[in-house]
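Residues per chain, in single letters:
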Amino acid sequence: MTRIIEIENLTKVFGDVVGVDDISLDVEEGEFITLLGPSGCGKSTLLRMIGGFEDPTHGRIFLDGQDVTNIPASKRAVNMVFQDYALFPHLSVGRNVGFGLRVAGVAKRDVIEKSREALALVGLEDRFDARPHMLSGGQRQRVALARAIVRRPRVLLLDEPLSALDANLREQMQVELKHLHTKVGLTFILVTHDQTEALTMSDRVVVMRNGRIVESGSPQELYESPKTGYVAGFIGSTNLFRSRVEIVCGAPMINCFGQSLIAPAAVASISGQEALFGFRPEKASLVSGGKGKQTNTLRGSLAEVLYHGQSARLVVDLGPDRVVIDLQITDVIGASGLPQVGDAVALSIESHKIMLLQDEVAA
Amino acid sequence: MTMASSNTDRRSRQVSLAAAERWSWLFGITLILGFLYLPIGVLVAYSFNASRSLTWPMSGLTFEWYLKLASNDQLIQAFYNSVYVAVCATALTLMIGVPAAITLDRIDFPGKGLFRKLILLPIALPGIITGISMLILFRAIGFNLSLEAVIVGHATALLAVVVTQVFARLQRLPQSLQEASADLGASGFQTFFLVTLPNIRTAVIGAGMLAFTLSFDEIPVTFFLTGRDNTLPMYIWSTMRRGITPEINAIGTLIVVVSIVLIFMSVLLLREKSGPKE
Ligand SMILES: Nc1ncnc2c1ncn2[C@@H]1O[C@H](COP(=O)(O)OP(=O)(O)O)[C@@H](O)[C@H]1O
Ligand SMILES: [Mg+2]
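**Quick notes on the sheet that holds strand S13 (residues 251–256) of chain A**
All names here are of chain A. With antiparallel pairing, three strands are arranged side by side in an open sheet as S12-S13-S14. Edge positions in the open sheet fall to strand S12 (246–248) and strand S14 (259–262), since each of these has one partner strand only. Sheet twist, expressed as the mean angle between neighbouring strand axes with direction ignored, is 45 degrees. The pairing of S12 with S13 spans three bridges and is classified as antiparallel. Opposite Glu246, over in S13, you have Met253 as the bridge partner.

**A few points about the sheet that holds strand S16 (residues 285–287) of chain A**
Residues and elements named next belong to chain A. Taken in spatial order, the five strands make up an open sheet running S16-S20-S17-S18-S19, and their pairing is antiparallel. Looking at which strands have only one partner, the edges of the open sheet turn out to be S16 and strand S19 (322–328). Direction aside, the axes of adjacent strands within the sheet are offset by 50 degrees on average. Inspection of the sheet shows strand S17 (residues 297–307) paired to strand S18 (residues 311–317) by six bridges, in the antiparallel sense. For Leu306, the partnering residue across the bridge sits in S18 and is Arg313.

**Structural notes on the site of ligand 1**
Residues and elements named next belong to chain A. Neighbouring ligand 1 are Phe14, Val17, Gly19, Pro38, Ser39, Gly40, Cys41, Gly42, Lys43, Ser44 and Thr45. The separation between an oxygen atom of ligand 1 and a polar side-chain atom of Thr45 is 2.4 Å. Coverage of ligand 1 by the protein amounts to 59% of the 560 Å² it exposes when considered alone. Going through the elements one at a time, strand S2 (17–28) and helix H1 (43–51) are the ones with two or more residues in the shell around ligand 1. Element by element, the count of residues in the shell around ligand 1 is highest for H1, at three residues. Partitioning the shell around ligand 1 into residue classes produces four nonpolar, six polar and one charged.

**Considering the interface of chain B and chain A**
Contact residues are listed per partner, giving 18 residues for chain B and 22 residues for chain A. For the chain B and chain A pair, buried surface summed over both sides reaches about 1,800 Å², with 60% attributable to carbon and sulfur atoms. Between chain B and chain A we count one salt bridge in total. Glu179 of chain B serves as the salt-bridge partner of Arg48 of chain A, at 2.8 Å between the closest nitrogen and oxygen. Inspection of the chain B/chain A interface yields nine residue pairs in polar contact (both at pLDDT 80 or more). Elements with a contribution of two residues or more to the side of chain B that touches chain A: helix H7 (175–183) and helix H8 (188–216) of chain B. Considered class by class, the residues forming the side of chain B that touches chain A number ten nonpolar, five polar and three charged.

What counts, and where the lines are drawn
- Residues numbered from 1 in each chain as written.
- Chains lettered and ligands numbered in written order.
- Predicted model: local features only at pLDDT ≥ 70, side-chain atom pairs only at ≥ 80, totals over all residues.
- Heavy atoms only, no water.
- Pairing = 2+ DSSP bridges.
- Helix = DSSP H or I, 4+ residues; strand = E, 2+ residues; numbered from the N terminus.
- Axes fitted to C-alpha atoms, helices over the stretch in contact; angles between N-to-C directions.
- Near = heavy atom within 4 Å.
- Polar contact = N/O pair within 3.5 Å; in protein donor to acceptor, adjacent residues only side chain to side chain.
- Areas by Shrake-Rupley, 256 points an atom, 1.4 Å probe, with all protein chains shown as cover.
- Nonpolar A, V, L, I, M, F, W, Y, C, P; charged D, E, K, R; others polar.
- Contact = heavy atoms within 4.5 Å.
- Buried area = accessible area lost by both parts, 1.4 Å probe.
- Salt bridge = Lys/Arg side-chain N within 4 Å of Asp/Glu carboxyl O.

Put into structure tokens, the structure is as follows:
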């Protein structure tokens, strides 16, 4: 794998707002990388600096080893799919797609041929002569994609490309984007605030907050073993709690809202200190009424049941606070087998499923 | 039941109220239209009146005044002068105004707010002030009073109109269009001609037509800056001192006809662009 983009200490300040704060990031060739974070965390600004639409206040950007920090957008071998698609309303679909070739002085016949090919790639070859306003949202999205890849840029930038589509179409386009990425083999950098989108499509997710990178990793890494409380809470949901670690009979014990749990063995190394812990709702299980003496149980009363069809989310009141657990509804636990609100319940969580997290609680 | 019937009662009362309201609106609109167009109607009617005097009832139909126009060399010269001035002033003001509007829209520079206000100020300035100050300036730099001086004067006064119109359109144009163009490799020049201009074309044409009309019947600035040449409004104004003649009605009617044609053209042009939008 070769590095296609290297970002060094990139910072962008708008007046007294710091949009992007000292970010360094490498992107591998052919990677599908997603910048994920809440609105206003600086994702677009970072993407726009890579595209050349925003001048960095500090820092440098390298493309294929070359410093492109001061090279204008028109001369960078990267293309962008804009959030509003930015299709030229006065040009036909075909001419929109061919625009980049036309201004580069490519012969007219080749422009038409390559535009047709690019449109075929997104399944719109029959709309060559249509005007953008005659297309549906999803079709416009595809035209914008075709237009951005027709010149085979080194990197394709996508700023919330699916946010304007309705839910069904969005899901379908996620799959198509992923396919397109495989088909054209380009490097994709996508911006989104939607964690599902990020997990579904990306090879690597970069989670951002307040202009900084909090954590990055593959979707599995970020979901299964997040390093920070922020990511644990932002991607999927996590029951978070703080506790001191104490060694009792050789095992590290922690306290979850007043009840003791055995922490994973590795936690013993920070005995005596306070730390942030968490467990995913689906990693805990319900202990059926009083049967057997389970270790690592939390006892409380059932405060709420949210039924989702194939699963149900139970909100359990532990006294000082509440935790949630997700249960798969199987033949064994039918929907009717769920406990009633107000019932005393016990839930069990295996030690190795408790995560030790770095101290940044989701805001 | 009772509830429902009282409901329908109320609805029918609302309907009749609405009807009364509609009639009073129609009446008001008729009044306004009459106020706007009656004078023009009178002008057109008297241009075909056989008698020289402007008395009611009119005394018969004639084309005499139109024939007289055709042989009035002074008037024809004044008409040509007006067209010359209006065409050149419009072209000049568009050539300066469109780039100025784009600069205002796209480029941030210190003092931008002040620059914007300064460009718009001449709209509020009486023509007589523009005329006098230009006269003084032209005298000072030794620029002869002439139709060309009038052109420069008009272009200056009209700049505000063009900049305002084009700037308003640019503000509604998504910034991302120009970014997309640059992203696809277009130079600033290519972006202007291939993306920006086609999307503000109708605003440019509209502003141009407005500028043309305003320049065509402008008197105060023209009065100070023209040398011995007469423009059409100046000619009309000077002959009017000897009383309203039927020829004036005839030329007025011709101007009305040409204006209507221009308005239709601009409406057609505007529709061609924005018709199928959404
Ligand atoms: N052109 C700008 N001028 C001033 N502030 C800006 C500008 N663009 C972005 N910002 C600010 O920078 C921060 C990051 O914005 P942005 O990158 O658009 O966030 P995101 O795309 O993650 O929602 C926000 O606080 C935003 O208000
Ligand atoms: Mg954004």
